[in-house]
Amino acid sequence: MDFDEVLKEVGSFGLYQKVIICSVLLPAALPCAFHAYSQLFIAATPQHWCRVPELEPWTQDYVQLVKNLSIPRNRHGAYAECSMYARNYSDIVRYLEYRPPIDLIRQEAENLLKLQPETARIVPCQHGWHYDKSIYSSTVVQEWSLVCDRSYLVTLALVIFGVGGLLGNYVFGYLVDMWGRRPSFYAYLLLEIAACAASAFAWNFPVWLGLRFVVGLTVPAILASPYVLAIELVGPDRRVFCTIVSNIAYSLGLVILAGVIYIVRDWRELSLAVSMPLLMLFSCFFLLPESPRWLMAVGQTKRATKILKVIARVNGVRITRDFVERLQHRLVTTQAVESSASTHYGILDLFRGTNMRRKTLIITLIWFANTSVYVGLSYYAPALGGDEIWNFFLAGAVELPTYLLLWPGLSYFGRRWILFISMLVGGVACVATFLFPKITLLLYCVGKMGISSSFVVLPLLASELYPTVVRGLGMSFSSVVAMIGPIVIPIINHMGQQMLALPLIVMGALLIVGGFASLLLPETRNRNLPQTLEEGEAVPLSILLCCCVESGNKKSRPENRRRVIPEVGAAVYHRVESPSSGPATCKVVCSICKKEMRTL
């Protein structure tokens, strides 16, 4: 018996699922949104200029005068951030001491600059820097002077954060399928909160960097567990709902984060503000259930039965004796699944079968493109110019209208074509910024909407293609490989400081390639989730569904093939040859719904 059929009897989307999703799983998206991007502002680089000790008394009241006296300008007229004039500032100070404030404001150092026109050479900053505190009162960059020849350390911090996400996803893939969805989620949540809060008390940069690595271990993985649990608690017709609301919650988390940053401008206080309130999620520890689908897949039918009884009771469904007998019948007919309770699946299981191997590689490629571009565009928002906080708010808010269009689209048009169109539109918009630099902000918003749309569809499609016994492992494997993107993207953005369109061109090309690769995957709309590796292997790629067409004058020779009887309830797809005298044709028929699968 398929688990989706059991779920229909207890209520595939009743009051129980609604309460769990809205009260627990939606707030669970906030930790990932908060901690993934708060580092952009914790380690923000404000405007800075060289510090001159002799001019220190005038810095607070006559900052423009001090800059004119000590800081050269570049070819665009902006003050240099890493160089200063080598002047005899003692003589300049004596001149300033005998001038009233009104004269100092009027002159703006024009006469003073003429005192030493030939001897004023430009040298690197000798005595540290002054920072513009109009936006941020304190950041990691200000506290430990991560500017000029040390500015690469800010990019290094993002790279280390990405490396943590890569390793964390790898470990999380085993934990979520070994421990279950609920224990692994709370273990990562506790580690994330503790590390982020501890980073607020870091006394030097290496300690802060190490703690941010620990936070990076948890950020990508902590969103996967509640999402997987949500889609496993509902029927196939409600997976789109879970995907949409999960991403709406994530985007709202970005918008809320922008509001928190607007209020809290000190990096230590901000670290606490984005971590300590998340302790409230532990109040739902006893409310959040384990996934009964996972329990059935690993053979823990008794635990699954107890949870299903609770779901039925809350949903107003009466548990009959026939229902309990059917559960026992599933336990008897799926002894292979029960034995898997002592069998731990590994990454190699994703590559044993031909179809599973191909689907895993394609999903991983698309996931890499999506993660790289989504993170890259979010990191790129401050480089758009203007108010950095407002740009980040806009980058999060522009995602919300996308979900309103996806909601009916995924139900009526399926997953594959929407994924392709979203990635193609986003990629073309990013590449177009090189040709139309005057509308970079508009194209950026279009690209952000495209990648946000594809980022909604991809986890849904992947979760419906990976079998239950390796779903967490498969999604985590794809996420692990995809986390190479956030490691490389900060470096590309850093290199693009001289050419702002370069990162967008790279990200656009990735999206276009991934979009065309998505056409190879099969459509999963209104299909039952595969439970075992055999059921997952039985679903072929869409582009490979066509049989080889033979010549009309050739007679096909019958072959003695060994017939394999599929397991009861397995979603097996059969090739059926047409009994016509013309060229050989084929169609693929699902053994459950008896409907023909469409090909490209």
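It should be noted that the structure appears before, not after, this text.
For the structure given in this document, a descriptive report is provided here. Remember, predicted model here, so these are calculated numbers, not experimental data.

So, the overall build of the protein
- A count of helical and extended segments in the protein gives 28 helices and seven strands.
- Here the protein, with 600 residues, has 54% of them falling under the buried criterion.
- Intrachain contacts of the protein at a sequence separation of at least 6 include 80% that bridge at least 24 residues.
- When the accessible surface of the protein is split by element, carbon and sulfur atoms take 62% of a total near 27,600 Å².

Comments concerning the side chain of S478
- With respect to the helices and strands, the residue S478 is situated in helix α25 (residues 471-482).
- With relative accessibility at 0%, the residue S478 sits in the buried group.

What to know about empty space enclosed by the protein
- The final tally for this structure, using the stated rule, is eight cavities of 30 Å³ or more.
- Its volume calculated, the largest cavity comes out at about 630 Å³.
- Taken together, 34 residues line the largest cavity, and the ones lying closest to its centre are C32, P220, L223, Y250 and F455.
- If you list the elements that add at least two residues to the lining of the largest cavity, you get α3 (29-37), α11 (152-178), α13 (205-233), α14 (239-263), α20 (354-380), α24 (440-465) and α25.
- Sorting elements by how many residues they give to the lining of the largest cavity places α13 first, with six residues.
- Looking at side-chain class alone, the lining of the largest cavity contains 23 nonpolar, ten polar and one charged residues.
- Counting only domains with at least three residues in the lining of the largest cavity, you end up with domain 1 (1-44 + 136-339) and domain 3 (346-544).

Considering a positive patch on the surface
- Where like charges cluster on the molecular surface, the positive patch consists of K302, R303, K306, K309 and R313.
- With respect to the helices and strands, the residue K306 is situated in helix α17 (residues 301-314).
- By relative accessible area, K306 is classed as exposed at 61%.

Overview of the state of the cysteines
- For the structure shown, the criterion picks out two disulfides.
- In this model C50 forms its disulfide with C125; the gap between the sulfur atoms is 1.7 Å. Handedness here is read from the sign of the S-S torsion; for C50 and C125, about -65°, the answer is left-handed. Here C50 is found in strand β1 (residues 48-50), whereas its partner C125 is found in the loop between β3 (121-124) and β4 (129-131), with 75 residues between them in sequence. Each member of the pair, C50 together with C125, is buried.
- Here C82 engages in a disulfide with C148; their sulfurs sit 2.0 Å apart. What sets the handedness of the C82 and C148 disulfide is the S-S torsion sign, and at about -100° it is left-handed.

Considering the side chain of N247
- Summarising the element assignment, N247 is placed in helix α14.
- In contact with N247, other than residues within four places in its own chain, are Y403, F455 and V456.

Some words on the pattern of salt bridges
- In this structure the tally under the stated criterion is seven salt bridges.
- Put simply, E56 and R51 hold a salt bridge, and the shortest N to O gap is 3.4 Å.
- Taking the relative accessible area as the measure of exposure, E56 reaches 30% and is therefore partly exposed.
- For the salt bridge of K448 with E399, the shortest nitrogen-to-oxygen distance reads 2.3 Å. Pair noted here: K448 is in helix α24 and E399 is in the loop between α21 (388-397) and α22 (400-413), with a separation of 49 residues, a long-range link.
- Judged by relative accessible area, E399 falls into the buried class, the value being 0%.
- Here the salt bridges do not stand alone but share partners, grouping R181, E232 and R471 into one network.

What about the environment of G450?
- Relative to the helices and strands, G450 is located in helix α24.
- Judged by its relative accessible area of 7%, G450 is buried.
- In this structure, the C-alpha to C-alpha distance between G450 and A429, residues 21 residues apart in sequence, is 8.6 Å.
- When residues no more than four places from it in sequence are discounted, the contact partners of G450 are S422 and G426.

A look at the packing of aromatic side chains
- For the structure shown, the criterion picks out 18 aromatic pairs.
- Here the aromatic rings of W144 and F205 are separated by 6.4 Å at their centres, their planes lie at 70°, and the arrangement is edge-to-face. Of this pair, W144 sits in helix α10 (residues 140-144) while F205 sits in helix α13, and the two are 61 residues apart along the sequence.
- The class for W144 is buried, based on a relative accessible area of 14%.
- Judged by centre distance (5.8 Å) and plane angle (35°), the rings of F205 and W208 are tilted. Taken as a pair, F205 and W208 lie in helix α13 at a separation of three residues, close to a single helical turn.
- The class of F205 is buried, set by a relative accessible area of 9%.
- Accessibility expressed as a relative area gives 1% for W208, which makes it buried.
- Taken together through their ring pairs, the aromatic side chains of F185, Y186, F282, F285 and F286 make up a single cluster.
- Of note, R73 hangs over the ring of Y79, and the distance from its end group to the ring centre comes to 4.1 Å.
- Over the ring of Y262 we find R265, and its NZ or CZ is 5.1 Å from the ring centre.

Criteria and thresholds
- Residues numbered from 1 in each chain as written.
- Predicted model: local features only at pLDDT ≥ 70, side-chain atom pairs only at ≥ 80, totals over all residues.
- Heavy atoms only, no water.
- Helix = DSSP H or I, 4+ residues; strand = E, 2+ residues; numbered from the N terminus.
- Buried < 20%, exposed > 50% of the residue type's maximum accessible area, 1.4 Å probe, protein only.
- Contact = heavy atoms within 4.5 Å.
- Areas by Shrake-Rupley, 256 points an atom, 1.4 Å probe, with all protein chains shown as cover.
- 1 Å grid on protein atoms, 1.4 Å probe; cavity = no way out; pocket = protein on both sides within 12 Å on 5 of 7 lines; lining within 4 Å.
- Points joined across faces, edges and corners; volume = space filled by probe spheres on them.
- Nonpolar A, V, L, I, M, F, W, Y, C, P; charged D, E, K, R; others polar.
- Domains from an automatic or database assignment.
- Patch = residues over 30% accessible without salt bridge, like charges linked within 9 Å, V, L, I, M, F, W, Y side chains within 5 Å.
- Salt bridge = Lys/Arg side-chain N within 4 Å of Asp/Glu carboxyl O.
- Lys, Arg positive; Asp, Glu negative; His and termini not counted.
- Charge placed at Lys NZ, Arg CZ, Asp CG, Glu CD.
- Disulfide = S-S within 2.5 Å.
- Phe/Tyr/Trp six-rings, centres within 6.5 Å; stacked < 30°, edge-to-face > 60°.
- Lys NZ or Arg CZ within 6 Å of the ring centre and 35° of its normal.

Function-wise, these values are silent; they only describe arrangement.
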